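Survey of secondary and tertiary structure
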Amino acid sequence: MKFKAYKSVYIPHLRHTVHFADLSKLVLMGDKVRGSGYTMPFSEHETYVFYQDIEKTVKDPIQAPIIAHELVHVIAILLEKIGGKIEKEDEHMAYLMTYLYEKLLGLKLWPSK
């Protein structure tokens with residue numbers, strides 16, 4: 001079953017889509033979730049990230065650590081998919097974090113080249 005996404009971000013070079021949705025969508029399915037966020041692989045090419053009250057969360061700077069926490073889980077899922085490990089931090093992980101964060105918040109943090 002697919003969940004209605006607040007926003008979906010396609011990562012072309014990994015052929016993977018990250019869907020961001022409200023945590024209430026997952027709880028309605030009967031799943032017990034503790035905390036303010038939850039990340040789950042959905043299929044080979046999709047991952048869902050759920051945030052409590054997502055519309056407020058993405059607009060509140062105080063929530064940045066919660067957003068970043070779940071994005072690290074996404075990066076770990078993606079690295080596992082391509083045979084990498086999160087134990088070895090490389091620059092591409094930082095770029096991926098920035099890309100996902102920008103797309104989720106609708107920002108452009110770094111200037112285009």
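A short tour of the structure in this document, coming up. Since we're looking at a predicted model, the values are computed, not measured.

So, on to the sheet that holds strand S2 (residues 16-22). The sheet built from four strands is open, its strands ordered S1-S2-S4-S3 with mixed pairing. Both edges of this open sheet fall to strand S1 (7-11) and strand S3 (37-43), since each of them pairs with a single strand only. Pairs of neighbouring strands in the sheet enclose a mean axial angle of 20 degrees, with direction left out of account. As judged from the five bridges shared by S1 and S2, these two strands associate in the antiparallel manner. Within S2, the residue paired with Tyr-10 across the bridge is Thr-17. Where helix H3 (residues 64-81) meets the sheet, its contacts fall on S1, S2, S3 and strand S4 (46-51), and the angle it forms with S4 comes to roughly 165 degrees.

Reading guide: rules and limits
Residues numbered from 1 in each chain as written. Predicted model: local features only at pLDDT ≥ 70, side-chain atom pairs only at ≥ 80, totals over all residues. Heavy atoms only, no water. Pairing = 2+ DSSP bridges. Helix = DSSP H or I, 4+ residues; strand = E, 2+ residues; numbered from the N terminus. Axes fitted to C-alpha atoms, helices over the stretch in contact; angles between N-to-C directions. Contact = heavy atoms within 4.5 Å.

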